[in-house]
Amino acid sequence: MASLTGTSISMTSFKASLAPGSRISNLKSVSLPVNRKSFTPLRLRPSRFRVSCAAKPETVEKVCEIVKKQLALPDGSAVNGESKFSALGADSLDTVEIVMGLEEEFGISVEEESAQSIATVQDAADLIEKLIENKGA
């Protein structure tokens, strides 16, 4: 169970008591019990608050493998969810090839606008899971 109180939050997908697309106004604190253990509620300062769910570790790992392959990185190269394509030496053409590899591997189609928003491995994994979820709906 999640408890949300008091400035504004917009949710596009939440599998609890809120319907997708629900909007909560005046959000001031958030309490999220995990495994029946409660934690101190988060107190939010007036600013933007974003709730997002990270992609499954398997998806992130698969994206890491594809990125390493597309960029011909040495076997010992450290690539993780926070790895930025540009920091790994990818230019715009490399990024297009990475996206094409992801489309092929996961059987998805990434729109150009979405592809331009991908800067990290985590961004790619999150987008993949979103597209797969939408594809199944």
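Quick note: structure is the one above.
What comes next is a walk through the structure. Quick caveat: nothing in here was measured; it's all calculated off a predicted structure.

**Re unusual backbone geometry**
For residues other than glycine, phi is negative in most cases, and the peptide bonds are mostly trans.
At step 1: Unlike most non-glycine residues, A72 shows phi in positive territory, near 50 degrees.
At step 2: With respect to the element layout, A72 can be found in the loop between α1 (57-70) and α2 (92-106).
At step 3: Judged by relative accessible area, A72 falls into the exposed class, the value being 65%.

**Brief notes about the pattern of salt bridges**
At step 1: Evaluated as defined, the whole model comprises one salt bridge.
At step 2: Between E105 and K62 there is a salt bridge whose closest N-O contact spans 3.5 Å. In this pair, E105 sits in helix α2 while K62 sits in helix α1, placing the two residues 43 residues apart along the sequence.
At step 3: The class of E105 is partly exposed, set by a relative accessible area of 42%.

**Examining the packing of α1 against helix α4 (residues 121-136)**
At step 1: Here α1 crosses α4 at 120 degrees, and the two axes come no closer than 9 Å. As far as their axial angle goes, α4 and α1 are oblique. The element α1 and its partner α4 pack so that their crossing is right-handed. Along the contact surface, α1 presents T59, V60, V63, C64 and V67, while α4 presents V121, Q122, A124, A125, I128 and E129.
At step 2: When the residues that make up the contact of α1 with α4 are grouped by side-chain class, the tally is eight nonpolar, two polar and one charged.

**Topic: a nonpolar patch on the surface**
At step 1: A cluster of nonpolar residues, L93, V96 and M100, forms a patch on the protein surface that exposes about 290 Å² of accessible area.
At step 2: When its relative accessible area of 49% is taken as the criterion, M100 is described as partly exposed.

Procedures and definitions
Residues numbered from 1 in each chain as written. Predicted model: local features only at pLDDT ≥ 70, side-chain atom pairs only at ≥ 80, totals over all residues. Heavy atoms only, no water. Helix = DSSP H or I, 4+ residues; strand = E, 2+ residues; numbered from the N terminus. Buried < 20%, exposed > 50% of the residue type's maximum accessible area, 1.4 Å probe, protein only. Salt bridge = Lys/Arg side-chain N within 4 Å of Asp/Glu carboxyl O. Axes fitted to C-alpha atoms, helices over the stretch in contact; angles between N-to-C directions. Parallel < 35°, antiparallel > 145°, perpendicular 65-115°, else oblique. Left-handed = near helix turned anticlockwise from the far one by under 90°. Contact = heavy atoms within 4.5 Å. Nonpolar A, V, L, I, M, F, W, Y, C, P; charged D, E, K, R; others polar. Patch = residues over 30% accessible without salt bridge, like charges linked within 9 Å, V, L, I, M, F, W, Y side chains within 5 Å. Areas by Shrake-Rupley, 256 points an atom, 1.4 Å probe, with all protein chains shown as cover.

So far we have only geometry, and geometry alone does not tell us how the molecule works.
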